[in-house]
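# Structural overview
Take a look at the letters that make up each chain.
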Amino acid sequence: MDIKIRDGEDFIRLGQALKKAGLAGSGSDAKALIQDGAVKVNGEAELRRGRKLYPDDNIFFEGETVRIIK
């Protein structure tokens, strides 16, 4: 699945990307998933909900892969 960064912006934050991909229903859901260590960015566990994601970054969660595109 691909997630597009909004026009005029250079990045999307991890919590926002999880919501946009439908992997988290709310910001608090995204926060819990991230803090539990269930989310990886570019193959490494990420514990920061505010992590900035740029084009070609990849999110991995429960067998799903989400690629960030411009």
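This write-up is about the structure you can find in this document. (Residues numbered from 1 in each chain as written. Predicted model: local features only at pLDDT ≥ 70, side-chain atom pairs only at ≥ 80, totals over all residues. Heavy atoms only, no water.)

Right, let's talk about the sheet that holds strand S1 (residues 2-4) for a bit. Spatially, S1-S7-S6-S3-S4 is the arrangement adopted by the five strands of the open sheet, whose pairing is mixed. Lying at the two open borders of the sheet, with one neighbouring strand each, are S1 and strand S4 (44-45). (Pairing = 2+ DSSP bridges. Helix = DSSP H or I, 4+ residues; strand = E, 2+ residues; numbered from the N terminus.)

Core analysis: the biggest nonpolar cluster contains 17 residues, and Ile12, Leu14, Leu18, Val39, Leu53, Ile59 and Ile68 have the highest contact counts within it. If you list the elements that add at least two residues to this core, you get helix H1 (14-20), helix H2 (27-35), strand S6 (58-61) and strand S7 (64-69). Considering each element in turn, this core owes the most residues, three residues, to H1. With residues near it in sequence (within four places) discarded, Ile12 still touches Ile3, Ile5, Ala17, Lys20, Arg51, Lys52, Leu53 and Ile68. (Core = buried A, V, L, I, M, F, W, Y, C linked by side-chain atoms within 4.5 Å. Buried < 20%, exposed > 50% of the residue type's maximum accessible area, 1.4 Å probe, protein only. Contact = heavy atoms within 4.5 Å.)

Attention now goes to the pairing of S7. Pairing between S1 and S7: three bridges, direction parallel. Each bridged residue has a counterpart across the sheet, and for Ile3 the counterpart in S7 is Ile68. As judged from the four bridges shared by S6 and S7, these two strands associate in the antiparallel manner. Bridging from a neighbouring strand, Phe60 pairs with Thr65 of S7.

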